[in-house]
Amino acid sequence: MDCAWGGIEAGGTNFLLAVGSGPGALRAEESFPTTTPTETVARAVQFFKKQGGKKGLTAIGIASFGPVDPNVSSQKYGFITSTPKKGWAQFNFAGFIQREIDVPVVFDTDVNGAALAEYKWGAAQGLDNFIYLTIGTGIGGGGMMNGKLMHGLIHPEMGHIPIPHDWLADSFKGSCPYHGDCLEGLASGPALEQRWGIKPSNLPVEHPAWELEAHYVAQAITTYIYTLSPQRILLAGGVMEQTQLFPMIRHKVQDFLNAYIQAPEILAEIEQYIVPPKLGKKAGVLGAIALAQKLKL
Ligand code: ADP
Ligand code: ZN
């Protein structure tokens, strides 16, 4: 019964690896910067070989930055597809790991991985419909609908939705290379840094940047509530370390909805409706392990 699973949280900035079976049950962990696929993925292979390789591992899960192909029936399942990140476009990530370690590999987006970990062990336990949104270098969203991780044509790209741009309060044109002022272009960490000319972690708590940030994030959340009807929304990522944003976002979401959605979760219990994740920075790598464990279900 002592199964061990491998997990890879593949971020655009760092890779996090672990072997184990859940929170408090990780027997090895390692992290290093994301460089070229050859170098980075070779380090991951080395790590898993040191952990016993095929003999020591039941399966490996990968929760990856994207866009990716998460469709198991696709020829490109497990590929990173169209990223502008040098060397990674069209990289057969899952295939490479599977060939090298020779165990089954389960592959999904970083946000779906983190969402699954929060569902099993964290802030989304018992919920069949929820969203996990990360606001960091980019903005990405995943989660579950009807008890299944969100997939579809490809996978959701919640960071790139258009939202009303408040040109009167905000003349910044947006930082998304594809869409300019989509949500990510207006509200990601790099957008904050470009708009205000200072690292967002150095912006004071009372700076107007946070009012505007809460406004944009609340607009997006309002759209997600109307279109997906989630039972809870988890907000993660570097920018959400500004915890003053939580009450600001909650109030604005209530204002925008204007009591149209008659749910006590929103009208009276919004502190438990829009929440931080419970697993913090471990959500991604635990999510990768949780993905691998899906094979045992
Ligand atoms: P990534 O998105 O690269 O996986 P993070 O979720 O940590 O990583 O997000 C990094 C982004 O969050 C950067 O743009 C950074 O400026 C911003 N950030 C990190 N810490 C803070 C903080 N305490 N307050 C506001 N922004 C932060
Ligand atoms: Zn965009």
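Named according to an unreviewed UniProt entry, the protein chain is fructokinase originating from candidate division CSSED10-310 bacterium. The heading Catalytic activity (unreviewed entry) in the UniProt record of the protein chain holds the text "D-fructose + ATP = D-fructose 6-phosphate + ADP + H(+)". Listed in UniProt under the heading Cofactor (unreviewed entry), the comment for the protein chain reads: "Mg(2+)".

### Digging into unusual backbone geometry
Put simply, G66 and P67 share a cis peptide bond, and its omega is 5 degrees. Tracing the backbone shows P67 in the loop between β4 (59-64) and β5 (79-80). For N258, which is not glycine, the phi torsion reads 55 degrees and is therefore positive. Structurally, the position occupied by N258 is in the loop between α8 (245-257) and α9 (264-267).

### Considerations on the coordination of the zinc ion (ligand 2)
Ligation of the zinc ion (ligand 2) by protein atoms is provided by H160 (ND1), C176 (SG), H179 (ND1) and C182 (SG), these donors lying 2.1 to 2.4 Å from the ion. Coordination geometry of the zinc ion (ligand 2): the four donor atoms subtend angles of 101 to 122 degrees at the metal centre, consistent with an arrangement described as tetrahedral. For the zinc ion (ligand 2), all donor residues lie on one chain, and their spacing in sequence is H-x15-C-x2-H-x2-C. Judged on exposure class, the residue C176 and its partner C182 are both buried.

### Looking at the site of ligand 1
Surveying the vicinity of ligand 1 reveals the residues T13, G136, T137, G189, P190, P200, S201, G237, G238, V239, E241 and Q242. The side chain of T137 places a nitrogen or oxygen atom 2.6 Å from an oxygen atom of ligand 1. The side chain of Q242 places a nitrogen or oxygen atom 2.7 Å from a nitrogen atom of ligand 1. Against a free-state accessible area of 570 Å², the protein chains account for coverage of 67% of ligand 1. Its residues assigned to classes, the shell around ligand 1 shows three nonpolar, eight polar and one charged.

### What to know about the pattern of salt bridges
Pairs can form between side chains of opposite charge whenever their charged atoms are close. Tallied over the entire structure, the rule returns seven salt bridges. Of the charged contacts, one joins D102 and K54 as a salt bridge, the two residues approaching to 3.4 Å between their closest N and O atoms. With D102 in the loop between α3 (93-101) and β7 (105-109) and K54 in helix α2 (residues 53-56), the pair connects residues that are 48 residues apart, well separated along the chain. Residue classification places D102 among the partly exposed positions, given a relative accessible area of 40%. Residue E193 is joined to K199 by a salt bridge in which the shortest nitrogen-to-oxygen separation is 3.8 Å.

### Looking at the side chain of R195
Its place among the elements puts R195 in helix α6 (residues 189-196). Within polar-contact distance, the side chain of R195 engages the side chain of D170 at 2.9 Å. Sequence-distant contacts of R195, defined by excluding residues within four places in its chain, comprise D170, F172, L186, L212 and Y216.

### Describing the nonpolar core
By size, the foremost hydrophobic cluster in this structure holds 52 residues, and its most contacted members are I8, I60, I62, F93 and I97. A domain split of this core shows at least three residues from each of domain 1 (5-113 + 281-293) and domain 2 (123-276). Excluding residues within four positions of it along the chain, I8 makes contact with F15, L16, L17, A44, F48, I60, G61, I62, A63, F93, I97 and A288. M150, Y216, I221 and F246 belong to the second-largest nonpolar core, a separate cluster that totals 39 residues.

### So, the sheet that holds strand β8 (residues 130-135)
Spatially, β10-β9-β8-β11-β12 is the arrangement adopted by the five strands of the open sheet, whose pairing is mixed. The open sheet is flanked by β10 (148-149) and β12 (274-275), the only strands paired with a single partner. Here strand β11 (residues 232-236) runs beside β12; their pairing, made up of two bridges, is parallel. Paired with I233 across the two strands is I274, which belongs to β12. Most of the contacts of helix α4 (residues 110-121) go to strand β9 (residues 139-145), to which it runs at about 45 degrees, and overall it touches β8, β9, β10 and β11. Relative to β8, helix α7 (residues 208-228) is tilted by about 155 degrees, and along the sheet it contacts β8, β9, β11 and β12.

Each value, and the rule that gives it
- Throughout, residues of each chain are indexed from 1 in the direction in which the sequence is written.
- Naming scheme: in the order in which they are written, chains are lettered from A and ligands are numbered from 1.
- Since the coordinates come from a predicted model, pLDDT governs what is reported: local features require at least 70, and pairs of side-chain atoms require 80 or more to be given and counted, while whole-chain, interface and lining totals use all residues.
- Each side-chain value is derived from all of the structure's non-hydrogen atoms; neither hydrogens nor water enter the calculation.
- UniProt positions are given in the numbering used here, feature names are shortened, and annotations may be inferred rather than shown by experiment.
- Under the scheme used here, helices are H or I runs from DSSP no shorter than 4 residues and strands are E runs no shorter than 2 residues, and both carry numbers assigned from the N terminus.
- Excluding water, the donors of a metal are its N, O and S neighbours within 2.8 Å, or within 3.2 Å for Na, K and Ca, and that exclusion means sites may look incomplete.
- Only two sets of limits are used to name each site, 85 to 135 degrees for every angle of a tetrahedral four-donor site, and over 155 degrees for opposite donors with all other angles from 65 to 115 for a square planar four-donor or octahedral six-donor site, with any other site named irregular.
- The rule is simple: take the accessible area with a 1.4 Å probe, protein chains only, and divide by the maximum for that residue type; under 20% is buried, over 50% is exposed, in between is partly exposed.
- Note on terminology: near, applied to a residue and a molecule or strand, indicates that one of the residue's heavy atoms is within 4 Å of it.
- N or O atoms within 3.5 Å of each other form a polar contact, as long as, within protein, one can give a hydrogen and the other can take it, and as long as residues adjacent in sequence are counted only when both atoms are side-chain atoms.
- Here the accessible surface of atoms and residues is derived via Shrake-Rupley with a 1.4 Å probe, and residues count as covered only by protein chains that are part of the display.
- Ten residues, namely Ala, Val, Leu, Ile, Met, Phe, Trp, Tyr, Cys and Pro, are considered nonpolar, four, namely Asp, Glu, Lys and Arg, are considered charged, and the remaining ones, Gly among them, are considered polar.
- We count a salt bridge whenever a side-chain nitrogen from Lys or Arg sits within 4 Å of a carboxyl oxygen from Asp or Glu.
- When checking whether two residues touch, look at their non-hydrogen atoms; a contact exists if any pair is within 4.5 Å.
- What we call a nonpolar core is a set of buried Ala, Val, Leu, Ile, Met, Phe, Trp, Tyr and Cys residues that are connected through their side-chain atoms within 4.5 Å.
- Domain delimitation in this document rests on an assignment produced automatically or drawn from a domain database.
- The criterion for strand pairing is that DSSP finds at least two bridges linking the strands in question.
- The convention used is that axes are lines fitted to C-alpha atoms, helices contributing only their stretch in contact, and that angles between N-to-C directions extend from 0 to 180 degrees.

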